[in-house]
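A structural walkthrough
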Amino acid sequence: MSGTPPGARTVRYLLGHDARELRRLDLQGRLYRDVTVRALRDGGLREGMRVLDLGCGSGDVSFTAAGIVGASGHVVGVDRSPEGVAFARERAAALGVDNVRFEVGAIEELEHAEPFDALVGRFVLMHQADPAAALRAAARWIRPGGAVVMVETYIALLRHGLHSEPFSPLYDQVVRWKTEVVGGAGVDLVAGARLRRTLLDAGLVEPVARLEAPLEGGPDSPYYEYLAESMHSMLAEAERLGIEGFTTEDAERLAGRLREEVVEAGGVLVVWPVVVAWARAPGSVGPTKPRGEPLRRGYRSLPSSREANTPARGTDVHGPAASKRRIAPASLRKGRPMTRRPRALLPGTVDLVILQTLTPGPLHGFGVSRTIRARSEGELDLQDAALYQALHRMERAGWIEAEWGVSDAGRRAKYYRLTRSGRARLRQEIGFWRRYAAAVFRVLEPLESEAGA
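The rules we used
Sequence positions are assigned chain by chain, starting from 1 and proceeding in written order. Side-chain atom pairs in this predicted model are given and counted only at pLDDT of 80 or more, local residue features only at pLDDT of at least 70, and totals for whole chains, interfaces and linings cover all residues. As a rule here, side-chain values come from all non-hydrogen atoms in the structure, and water together with hydrogens is ignored. Side-chain rings of Phe, Tyr and Trp (the six-membered ring for Trp) are treated as a pair once their centres are within 6.5 Å; stacked means planes under 30 degrees apart, edge-to-face means over 60, and tilted covers the remaining angles. Working definition: helices are DSSP H or I runs of at least four residues, strands are E runs of at least two. Numbering for both runs from the N terminus. For every residue, the accessible area obtained with a 1.4 Å probe (protein chains only) is divided by the maximum for its type, and the residue is called buried under 20%, exposed over 50%, and partly exposed between those limits. Patch membership requires over 30% relative accessible area and the absence of a salt bridge. Like charges are linked within 9 Å, and nonpolar side chains (Val, Leu, Ile, Met, Phe, Trp, Tyr) within 5 Å. Accessibility throughout is a Shrake-Rupley quantity obtained with a 1.4 Å probe, and a residue counts as covered only by protein chains that appear here. In the sections that follow, a salt bridge refers to a side-chain nitrogen of Lys or Arg positioned within 4 Å of a carboxyl oxygen of Asp or Glu.

**Overview of the packing of aromatic side chains**
- Counted by the stated rule, this structure contains eight aromatic pairs.
- When the ring of Tyr 32 is compared with that of Phe 123, the centres are 5.2 Å apart and the planes differ by 80°; the resulting orientation is edge-to-face. Remark: Phe 123 occurs in the loop between strand E4 (116-122) and helix H4 (131-139) and Tyr 32 occurs in helix H1 (residues 19-43); sequence separation between them is 91 residues.
- Of the residues examined, Phe 123 reaches a relative accessible area of 12% and is grouped as buried.
- Arranged with centres 5.6 Å apart and planes meeting at 80°, the rings of Trp 177 and Phe 246 form a pair that is edge-to-face. Of the two residues, Trp 177 is situated in helix H5 (residues 169-184) and Phe 246 in the loop between helix H7 (223-241) and helix H8 (248-265); the sequence distance between them amounts to 69 residues.

Below is the structure:
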């Protein structure tokens, strides 16, 4: 994808495309293969379809889709990385898969003679400055009523320690370090949670979404090596951002240390959770089948969001009479007001609010976001990506300084504190916003003629 809309966040693909990163992508494919197969089938992929794979990388999703559409179908994988596409082509040749083709380029530059029946993608939108715009550009190549199936990670979900059983101190360090590095690069840490909204903003219809997270343990899990390769791929970006915690030597030893810790405890690790979602391209919504071919056994219409989430008539959900009554959402029941969603901070206020939050004393990143939410009584929210970008920017500007410490929960965390320069900057910001707010309120005050009317 190329081009960044005005006001969109800046995102860097921090993992590169070298041989080691391609190995990581292969391990990632093994970990998420079952999740991906279920998503593609539930989203409407069927035998004989023509499928477009957005951001195909080393081709894992393309090969998975090719297995579903069969010899009568075809898959085109597109990625802007020549190295990734070259590796995907080598894999196709080695596997003898001839119903897949890989192309280098941005989705905006695609040229195809006829539309595809389905668009698929995994871990692509999280790297886009404007995910809805990117998806909208790709979906123009899908026939009316065609399937769109996306899989996106929900990185922030593991940040609060619910990631292992029994609790793994080493995995906790990895989760927190990776979250900070990924967030610092501008990647959307809650892309999965926003996926349903992204599908709607891209002009797609009837989206359905669900959350999934594989569990890994035992001596033979590929997850240990996957985490080690991920760390290798991120070390350069961590150094650029000034994020400490792990070295090249630590990355080399990580897989063995994690395996030993988990196996000895007989435990499991929660793999990075993902949200899978599917929707339809706008237009006529007939059965999902290859363009120009008659309807054959095995094809069916894509399930609507109501069909996918509603039990069949007569299904006993919570007792014999459950299917005969309708229950209002909890937020609409008598005496239960609807919960108001927190608002994102206005442009230009992020530095002001963070600096003011750090005035009483040092806080780690999560402490900053939690304090903002609490002091605003839930009205304001600062997403992780924006928070860590701002913290690193202000640290480089000399307004704050950081050092590693131990949180109240006994975990290693990076604490930020105001510097003398930061306090001076805060005074300037407060003075500006007080004058600005006063001017706005003067404009909002009713004129004398209006007040007497």
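**What about a nonpolar patch on the surface?**
- Taken together, the side chains of Phe 432, Tyr 436, Val 440, Phe 441 and Leu 444 present a nonpolar region at the surface, about 530 Å² in accessible area.
- Inspection of the secondary structure puts Tyr 436 in helix H13 (residues 420-444).
- Look at Tyr 436 and you get partly exposed, because its relative accessible area is 45%.

**Brief notes about the pattern of salt bridges**
- The full count for this structure, using the stated rule, is 15 salt bridges.
- The residue Arg 194 makes a salt bridge to Asp 188 at a minimum N-O spacing of 2.9 Å.
- On the accessibility criterion, Arg 194 (32% relative accessible area) is partly exposed.
- We note a salt bridge from Arg 197 to Asp 201, for which the minimum N-O separation is 3.0 Å. Taken as a pair, Arg 197 and Asp 201 lie in helix H6 (residues 195-201) at a separation of four residues, close to a single helical turn.
- The class of Arg 197 is partly exposed, set by a relative accessible area of 49%.
- Here the salt bridges share partners, and the residues they tie into one network are Arg 38, Asp 42, Arg 210 and Glu 212.

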